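So the chains spell out like this:
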Amino acid sequence: MMELKSYQKEALRALEDFLHRVRVHADAGEAHPLDRAYREVAGRYLEHPPPYQEPGGLEGIPYVCFRIPTGGGKTLLAAHALAPARRFLGQDAPAVVWLTPTEAIRAQTLRALKDPQHPYRQGLEAALGPARVMDLQEALALPPGDVGAVSLVLVATLQAFRVEATEGRKVYEDNGHLMAVFRALEEASSPPEGVGRYSLANLLRLMRPIVVVDEAHNARTPLSFDTLARLEPGVILEFTATPREDSNVLFAATAHELHREGMIKLPIELVVLKDREAVLQAALAKRAELEALARGGREYLRPIALIQAEPRRGQNPFTWERAYEFLLEQGVREEEVAVSTGERDDLTGQDLLSPSSPVRYVITVDKLKEGWDCPFAYVLASVRPLKSPTAIEQVLGRVLRMPGARPQEQEALNRAYAFAVSEDFWEAANALREALVLEGFERYEAERAVRTVGLPLEEYIPLKAPPKPVVLEVLKSKVAYDPKRNTLVLKEPLTPSEKAILREGLKEEDRNKLPQTVRTPSEEGRVLEVPLLAWHGEPLEAEHFLEEGWSLAGRDARVDFVPGPLGVRGEIAVEGGRVRIARLEGLDRAGRLFGPHVGWTLESLALWLDRHIPHPDLPQEETLPFIYRALGELLGRYGLEDLVAEKRRLRDLLEAKIRAHREAARKEVFQSLLNNPPADLGTVTLRLEGDYFPRNPYRGAYVFRKHFFPVIADLEDGTEEFQCARLLDELDEVEFWVRNYPTWRHAFRLPYPGGNFFPDFLAKLRNGTLLVVEYKGEHLAQNSETYEKEAIGQLWARKTGNRFIMVRTLQGLDALRQAARL
């Protein structure tokens, strides 16, 4: 099975944590469990997560989005994301409705999910167990014996579920194939209220399906929400590169993370020429150069050039026919060229990755065949002027994907290449950067991703708004402004003070476009070495606290469980908290209706609970006796039927109990580590260099002078952390400093019982000492977690001969000054 990338694993952890927190907050009777769980988890990945949005008709249903740039493996991630969603539902054989934006992508996804050898299918089965993957026609003829026996995965377009569509009407009509399933439900000891029509839509509604929405930015309309609401989902998972503002983005990967994992080619080298034939000649030469490099590689690779011709309008358009003829004139063989336009399609049935394929050039106009994906595409040549990012966005995404999703031996084969025709160099460069934003790049990533070749002497920076006139007057010898193009012209490099003046004269959205005028230590090639605490030669992590094992024997197994109503369907109002939670309670009913059709015993319930509670650090010989003790105590008050009816909620309570015991065990080991550090507790060296690409870079007005990297992570003007960073930047004793952030792969961390702790700042003092700083606001200054973090920080300082300081509120900044001057 294909190994997931680190950002994909992190996305799954975010989903698992979110769904767990939803249940915890719902069981605690909170009014808005979804909003609270969302803010707690999304805050790790987004600078300022907006309030959780609940579209009309979908209140009370977990509905979150994953933002993954183009080329990031959204479909593979979606297949694996079904595992935490299934656990949340508590169903052994759930239903999944997988919605695609178009028919072409539906057919492509269906083929992959049905293919036993495809990574998507393997991920699906790892998440769901035995599964039946169907199109809509197959679902309408679903064998009744499959319901509740295997997971059901229906792949369709959203349009197919709309009532006004021909197919949609069949979904909502009585279906004789399903009559046996509905009659069994009606005869159940606790039948659902209002079974209604024997329709596929009604069966899905009763099963509370997991809904996957691919390219979800296309499905954010009132009509789409109404269609989803009819299915009464248990969970909705969106996947897109460009989410809408009202999407609940739970996790956002960056383009840099994709590049680091070998998923996409970066940077994009851009050459802008004024002649269209010169563009094609340059593209042909680059493609041939890359193919020569590829011949020496370990794996077969045949670089392909995508050529974007002009549509048949305007004066003297360079159409696909002209591009085709030009290639033949340059000695390209006919079989090496494929055309993909509305008039002609040579790509159908083509396996461009096969060594037997001769294709080296693909000509298109506006976009390629939907779902077409060829990581051999390296060179983009556009003979239509680059003025609009939307004109090139769809084709650009085709040259970003990396062959084999791993780095190539030759560095030139890890990059993409773009050749464009334009009279205005910077207009073309800006259009390419904006197209990358449409592909899911952060704007600052897009700025850095395009490497322009053949720069003019002067640097042109497109602005959103004109600068203040007084600033232009002060800096007139080095800076000019072209009002016609709304462009800033830098004639000479600026000093740090001049750059600060110019920043003050620009609108906030334009400030981050200014180039660096002073090379930072990292840009000079310097490396900051920081010692980490180590255990047996490896960095000490929180999970090492329980490395030698722990036990549930003798630990309290009692849970606060009281059987409650199973929840009803019906119309759900949005006033007050309990009505939102009613939908969560309704999941227990679905799990019971479509669970194994066998008589439950104490043994089968205990085994079900053990199977659905993750405990990789505990053998079943530890967990089963613990579960039996919990059930034995409950059976003294409730019947087995009551426990089985709400086994999912019982599972959540037992899982929380085991988590609490695990945390207590960690604290015991942690306290022992502090009191009696083992003699073999050592250190390893962490090298801080390059690869610093924060999701939320600092964009404020203040110009920091001593940050180790050219950008600064997660810092906002005026905040208390900003004041702390500014003090470090101003202290004479500080040579340079780094804003530490948790998702950085080189992040400095210290272990404590709650996990790994990432101090806010690292500073290198001029005397060679390292100063590690953690800032805590007043609301966190005195809690037990803060004291644990301070204790491990002081242990690190004693072990390494450096300094650690916990700054509690702004009044503690004097202590920071003292720590730097010791």
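Thresholds applied
Counting from 1, residues in each chain are numbered in the order their sequence is written. Thresholds applied to this predicted model are a pLDDT of at least 70 for local features of residues and 80 or more for the giving and counting of side-chain atom pairs; totals over whole chains, interfaces and linings are not thresholded and use all residues. Side-chain numbers here rest on the full set of heavy atoms in the structure, without hydrogens or water. Each helix corresponds to a stretch of at least 4 residues labelled H or I by DSSP, and each strand to a stretch of at least 2 residues labelled E; elements are numbered beginning at the N terminus. We call a residue buried when its accessible area falls under 20% of the maximum for its residue type, exposed when it is over 50%, and partly exposed in between, using a 1.4 Å probe and counting protein chains only. In what follows, residue pairs with any heavy atoms lying within 4.5 Å of each other are defined as contacts. Accessible areas in this description were obtained via Shrake-Rupley with a 1.4 Å probe; residue shielding takes into account the shown protein chains only. Whether two strands pair comes down to DSSP finding at least two bridges between them. Here an angle of 0 to 180 degrees is reported between the N-to-C directions of two axes, which are lines fitted to C-alpha atoms, with helices fitted over the stretch in contact. Here pLDDT means the predictor's own confidence in every residue, given as a number from 0 to 100. Here, nonpolar core means buried Ala, Val, Leu, Ile, Met, Phe, Trp, Tyr and Cys residues that are tied together by side-chain atoms lying within 4.5 Å of each other. If an angle is under 35 degrees, it is roughly parallel; if it is over 145, roughly antiparallel; if it lies from 65 to 115, roughly perpendicular; otherwise it is oblique. Gly counts as polar in this scheme, as do all residues outside two lists: the nonpolar Ala, Val, Leu, Ile, Met, Phe, Trp, Tyr, Cys and Pro, and the charged Asp, Glu, Lys and Arg. Only rings of Phe, Tyr and Trp enter the pairing, Trp through its six-membered ring, and a pair is recorded when the two centres are within 6.5 Å. The plane angle decides the type: under 30 degrees is stacked, over 60 is edge-to-face, the rest tilted. Whether a charge sits over a ring comes down to the Lys NZ or Arg CZ being within 6 Å of the ring centre and within 35 degrees of the ring normal.

Draft legend 1. Structural detail: the overall build of the protein. Scanning the protein from N- to C-terminus turns up 27 helices and 26 strands. Per-residue burial over the protein gives 56% buried out of 822 residues. Once local pairs closer than 6 in sequence are excluded, the contacts in the protein between residues at least 24 apart make up 72%. Accessible surface for the protein amounts to roughly 34,500 Å². Of this, 50% is attributable to carbon and sulfur atoms.

Draft legend 2. Representation of the sheet that holds strand β6 (residues 235–240) within the structure. What the seven strands build is an open sheet, ordered β3-β4-β2-β5-β6-β1-β7; its pairing is parallel. Bordering the open sheet on either side are β3 (131–134) and β7 (249–252), each of which pairs with just one other strand. With strand direction ignored, the average angle separating the axes of adjacent strands in the sheet is 20 degrees. Direction of pairing for strand β1 (residues 63–67) relative to β6: parallel, over a ladder of five bridges. Opposite Arg67, over in β6, you have Thr240 as the bridge partner. Here helix α4 (residues 103–114) sits on the sheet and contacts β2 (95–100), β3, β4 (151–157) and β5 (210–214); the angle it forms with β4, its principal contact strand, is near 155 degrees.

Draft legend 3. Quick look at the confidence of the model for the protein. When the pLDDT values of the protein are averaged, the result is 85; 89% of them are 70 or greater. Considering only residues more than four positions removed or in separate chains, one finds that residues 565–579, a stretch of pLDDT under 50, has 26 contacts.

Draft legend 4. Quick look at the nonpolar core. Core analysis: the biggest nonpolar cluster contains 163 residues, and Phe18, Phe66, Phe161, Leu237 and Leu250 have the highest contact counts within it. The dominant element in this core, judged by the number of residues it contributes, is helix α3 (residues 74–89), at nine residues. Judged by nonpolar contacts, the second largest core, of 38 residues, contains Leu533, Ala534, Leu688 and Ile792.

Draft legend 5. How the structure looks around the packing of α3 against helix α24 (residues 647–675). Here α3 crosses α24 at 110 degrees, and the two axes come no closer than 8 Å. When the interaxial angle is binned, α3 and α24 end up roughly perpendicular. On the side of α3, the interface is formed by Arg87, Phe88 and Leu89, while α24 contributes Arg648, Arg651 and Glu655. Within the contact of α3 with α24, the residues separate by chemical class into two nonpolar, no polar and four charged.

Draft legend 6. Structural view of the packing of aromatic side chains. The final tally for this structure, using the stated rule, is 23 aromatic pairs. Judged by centre distance (5.7 Å) and plane angle (75 degrees), the rings of Phe704 and Phe722 are edge-to-face. Residue Phe704 is found in the loop between β20 (681–688) and α25 (720–730), and its partner Phe722 is found in helix α25; the two are separated by 18 residues along the sequence. Of the two residues, Phe704 and Phe722, both sit in the buried class. Here Tyr741 and Trp744 contribute two aromatic rings whose centre-to-centre distance is 5.9 Å and whose plane-to-plane angle is 10 degrees, an arrangement assigned as stacked. Here Tyr741 matches Trp744 in class, with each residue buried. Aromatic rings pair up to connect Tyr692, Phe708, Phe709, Phe736, Tyr741 and Trp744 into one cluster. Sitting over the ring of Tyr378, Lys265 keeps its end group 4.5 Å from the ring centre.

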